[in-house]
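# Summary of the model geometry
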Amino acid sequence: MRRVIVKVFALIFLLSFKAAFAAQHVGDWTLYKLEGRDYVTLANVSEFYGATGVQRPGGSNFLIRAGSRSLRGATNSVEFFINGLKFNLSYPIVEHDGHLCISRMDLTKVVEPVMRPGKIKGAEKVDTVVLDAGHGGHDNGAWSPFGQEKLYSLDVVFRTKKLLEQIGMKVVLTRKTDVFIPLHDRAAIANRYDNAIFISVHFNSGGAGTGLETYTLAPRGVPSMMADGPRISDLEHCRGNNRDAENMALATATHAALVVRSQLHDRGIKRARFVVIRDIEIPGVLIEGGFLSNSNDAKFIHSPEYRQQMAVSIVTAVNNYRRAVKVQAPTEVASRAPAVPRVHLSPPPAMESSSEAVEPTVRTSIPN
Ligand SMILES: [Zn+2]
């Protein structure tokens, strides 16, 4: 009897094991269910973006090249580089059955809007920038012996405002003085404007931290990188999630412009649910322009040159974002296409029904 029970359990285990790792085909994409999440192979991704394949230069590293564009990372790591810019994926790259795999969430919410911002559905032209200086009034934010976050952030938004107005942009400030404005009021101010984007400026503090990071809203179901782990509230759809793709394109433009001019460590693009990026209806990001708790960062932040450099970077970011979403993405891949037609894949398997069908128009949908 005991032996029968063991056999039955073994069978159940094997069946569930098989179901857990079975590949599912959706359009041209092969999905693997791993740890309860959908993954696609990087070989599939490479093919889709017209690359020649997944290279393994050594160790756990991989590289995918498509013309001048590239995807780079390592197995079991969330650090992921798209065209040389550092992102923190929501889930690590995994190796399964000899295939390197990326989560479907990261493919659709990170890779696709960055690789093809011109394909973002519903992206609007931008003529207004809402600049949000973090903290204010009794809320000093972070501090160093040289000064307070609330004053540095206000200085950066004033510098940015001046530069943006010089190129004909409309600028709205959530605060113009050293005054406390509740977070929900800041989001409400942003929500009064159409054809606008929102950029919140902060400086960081804590531990041995150093460097720059850019936050954008975590997609529904993805834990905040500021939290200890998943929370029930991660499953809620926030207003800002209507702009997931634009948020990521804006974060990319912003972070790229900041790190290219900065001498500070690059901490990459991250996910969070800060109120000001969660409750807005326009695309938005939150910049952490260095750590006031780090003496080297604090010296930079205290220098007017560094804050002016941040302002110049934000203007570059606004321009690059407008260009990226307004116009079709550069046809880099097409112009370098080999004589033999590349394999056509339908768009990345959608996370939500809002995903756009692009050529070739094989429709894919994922049963919920
Ligand atoms: Zn802050």
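### Some points on the overall build of the chain
Within the chain, the secondary structure is distributed over ten helices and 18 strands. For the chain, buried positions account for 42% of its 368 residues. A separation of at least 24 residues holds for 70% of the contacts in the chain among residues at least 6 apart in sequence.

### Observations concerning the packing of helix α6 (residues 244-261) against helix α9 (residues 304-326)
At a closest axis distance of 8 Å, the pairing of α6 and α9 adopts a crossing angle of 140°. In terms of orientation, α6 lies oblique with respect to α9. For the pair α6 and α9, the crossing hand works out as right-handed. The segment α6 lies against α9, with E246, A249, L250, A253, T254, A257, L258 and R261 engaging Q309, M310, V312, S313, T316, A317, N320, Y321, A324 and V325. Its residues assigned to classes, the contact of α6 with α9 comprises eleven nonpolar, five polar and two charged.

### Considerations on the nonpolar core
One finds V45, V129, I197, I199, A249, V318 and Y321 to be the most contacted residues of the largest nonpolar core, which totals 88 residues. Shared between two domains, this core holds at least three residues of each, these being domain 1 (20-115) and domain 2 (128-326). Those residues in contact with I199, other than ones at most four positions away along the chain, are V129, L131, D132, T254, V285, I287 and I314.

### Regarding helix α8 (residues 295-302)
When we look at burial in α8, the residues that qualify are D297, A298 and I301. Taken down its axis, α8 places every buried residue within 100° of arc, on the same side. Those residues of α8 that are buried are in contact with β12 (143-144), α4 (149-166), β15 (196-204), β18 (284-291) and α9.

Cut-offs and rules
- Residues numbered from 1 in each chain as written.
- Predicted model: local features only at pLDDT ≥ 70, side-chain atom pairs only at ≥ 80, totals over all residues.
- Helix = DSSP H or I, 4+ residues; strand = E, 2+ residues; numbered from the N terminus.
- Buried ≥ 20, exposed ≤ 12 C-beta atoms within 10 Å, placed from the backbone.
- Contact = placed C-beta atoms within 7 Å.
- Axes fitted to C-alpha atoms, helices over the stretch in contact; angles between N-to-C directions.
- Parallel < 35°, antiparallel > 145°, perpendicular 65-115°, else oblique.
- Left-handed = near helix turned anticlockwise from the far one by under 90°.
- Nonpolar A, V, L, I, M, F, W, Y, C, P; charged D, E, K, R; others polar.
- Core = buried A, V, L, I, M, F, W, Y, C linked by C-beta atoms within 7 Å.
- Domains from an automatic or database assignment.
- Arc of directions from axis to C-beta.

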